[in-house]
Amino acid sequence: MSVRSEQTRAELNDGIAAKIAAFKEVFIPYPIHMSLHVELDYLQKLGRQTVGQPQMGLRVLGPTGSGKTSAILAYIAAVERRRPRTATFVPVLKVDLERGSTPKKFMMSILQAYGDLHAGHGNELALKIRVFACFERFGTELLIVDEFQHLNYRNGVKNDVTDTLKGMLDAGIVPMAFLGTEEASPMFVRNLQLNGRLLPPCDLIDPCPATS
């Protein structure tokens, strides 16, 4: 293959890669996704008005490919257009959980999302204190937990991740939205106290409840 042919192929690859990247950023605003945006906006604004009081959560379950993550990224982009993210202000934080995440790994994921280079240093309590400090320091108004089904909720009563989530909401710092597949349903069923701190579900199967 000649040098010119290699250059032409490289230029073609650049163009194709750019188009694919642009296509992946396209968000088609289906009604059910826009209803989710309404619920997230309500949750975020409610959190701003009730800082220091127990916060609320939102369950968002749906099958793989239902557009949960795309809708969330579009919501975050809309928020940041109105109130840009800066080095000292993160209005909405999204974390993606790895399979088998424990309460400690959950805290580490949050710190890593903030750019903490030492997210793995310390025990669970120390990490939680640092997480709460980050919420306040960066003025975060909403935490979105994606791949929620990856949380390990089978570790036993002494290490129940749902109790950790309930405790975080009770701390009164930030509301949370939990995104996942139907595999996450048992976590909400088994902990009625956590379930009692949630707004009506906004699962991407049937239309979300209108908040008014």
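Before reading further, recall that the structure is shown in the block above.
Residues numbered from 1 in each chain as written. Predicted model: local features only at pLDDT ≥ 70, side-chain atom pairs only at ≥ 80, totals over all residues. Heavy atoms only, no water.

J.: Account for helix α5 (residues 124–137), naming residues and giving values.
T.: Here α5 contains 14 residues, and its C-alpha end-to-end distance of 20 Å stays within 8% of the 20 Å for a straight helix at 1.5 Å per residue. Buried within α5 we find L127, V131, F132, C134 and F135. Looking straight down α5, one finds its buried side chains confined to an arc of 155 degrees; they lie on one side. Among the exposed residues of α5, those oriented more than 90 degrees off its buried face are L125, I129, E136 and R137. Between the side-chain oxygen at the start of α5 and the backbone nitrogen of L125 there is a gap of 3.3 Å, and the oxygen is on N123. (Helix = DSSP H or I, 4+ residues; strand = E, 2+ residues; numbered from the N terminus. Expected span 1.5 Å × (residues − 1). Buried < 20%, exposed > 50% of the residue type's maximum accessible area, 1.4 Å probe, protein only. Arc of directions from axis to C-beta. Polar contact = N/O pair within 3.5 Å; in protein donor to acceptor, adjacent residues only side chain to side chain.)

J.: I'd like to hear about the packing of helix α2 (residues 31–49) against helix α3 (residues 68–82), residue by residue, with values.
T.: α3 packs onto α2 with a crossing angle of 50 degrees between their chain directions and a minimal axis gap of 10 Å. Accordingly, the angle class assigned to the pair α2 and α3 is oblique. Here the hand of the crossing between α2 and α3 comes out right-handed. For the pair α2 and α3, the contacting residues are H33, L36, H37, L40, D41 and Q44 in the first and A71, I72, A74, Y75, V79 and R82 in the second. Here the contact of α2 with α3 is built from residues that sort into 7 nonpolar, 3 polar and 2 charged. (Axes fitted to C-alpha atoms, helices over the stretch in contact; angles between N-to-C directions. Parallel < 35°, antiparallel > 145°, perpendicular 65-115°, else oblique. Left-handed = near helix turned anticlockwise from the far one by under 90°. Contact = heavy atoms within 4.5 Å. Nonpolar A, V, L, I, M, F, W, Y, C, P; charged D, E, K, R; others polar.)

J.: Kindly report on the nonpolar core, identifying the contributing residues and their values.
T.: Among the nonpolar cores identified, the biggest contains 34 residues, and F106, I110, F135, L143, F148 and M168 are the most heavily contacted of them. Those elements giving two or more residues to this core turn out to be β2 (92–96), α4 (103–113), α5, β3 (142–146), α6 (161–170), β4 (176–180) and α7 (185–190). At 5 residues, the largest contribution of residues to this core is made by α5. Setting aside residues up to four positions removed in sequence, F106 forms contacts with V95, L97, L143, V145, L151, L165 and M168. Core analysis: the next-biggest nonpolar cluster, separate from the first, contains 18 residues, L43, A71, I144 and L204 among them. (Core = buried A, V, L, I, M, F, W, Y, C linked by side-chain atoms within 4.5 Å.)

J.: So what's going on with the packing of aromatic side chains? Which residues, and what values?
T.: The full count for this structure, using the stated rule, is 6 aromatic pairs. Relative to F138, the ring of Y114 lies with its centre 4.9 Å away and its plane at 20 degrees, an arrangement referred to as stacked. Taken together, the positions of Y114 in the loop between α4 and α5 and F138 in the loop between α5 and β3 put the pair 24 residues apart, joining distant regions of the chain. Classification of Y114 by relative accessible area gives buried; the value is 13%. Centre to centre, the rings of F148 and F178 are 4.9 Å apart; their planes meet at 40 degrees, and the pair counts as tilted. Of this pair, F148 sits in the loop between β3 and α6 while F178 is found in strand β4, placing the two residues 30 residues apart along the sequence. When sorted by exposure, F148 lands in the same class as F178, which is buried. Following the ring pairs from residue to residue traces out a cluster consisting of Y114, F132, F135 and F138. The aromatic ring of F188 is capped on one face by R59, whose charged end is 5.9 Å from the ring centroid. (Phe/Tyr/Trp six-rings, centres within 6.5 Å; stacked < 30°, edge-to-face > 60°. Lys NZ or Arg CZ within 6 Å of the ring centre and 35° of its normal.)

J.: Can you tell me about the layout of surface pockets, naming the residues and giving the values?
T.: Gaps left between atoms are located by rolling a probe of water-molecule size over the structure's atoms. Of the pockets and cavities examined, the largest pocket occupies roughly 170 Å³. Together, 13 residues line the largest pocket, and T64, G65, K68, T69 and E147 are the ones closest to its centre. Contributing elements (two or more residues each) for the lining of the largest pocket: α3 and β4. In terms of residue count, the dominant contributor to the lining of the largest pocket is α3 (3 residues). (1 Å grid on protein atoms, 1.4 Å probe; cavity = no way out; pocket = protein on both sides within 12 Å on 5 of 7 lines; lining within 4 Å. Points joined across faces, edges and corners; volume = space filled by probe spheres on them.)

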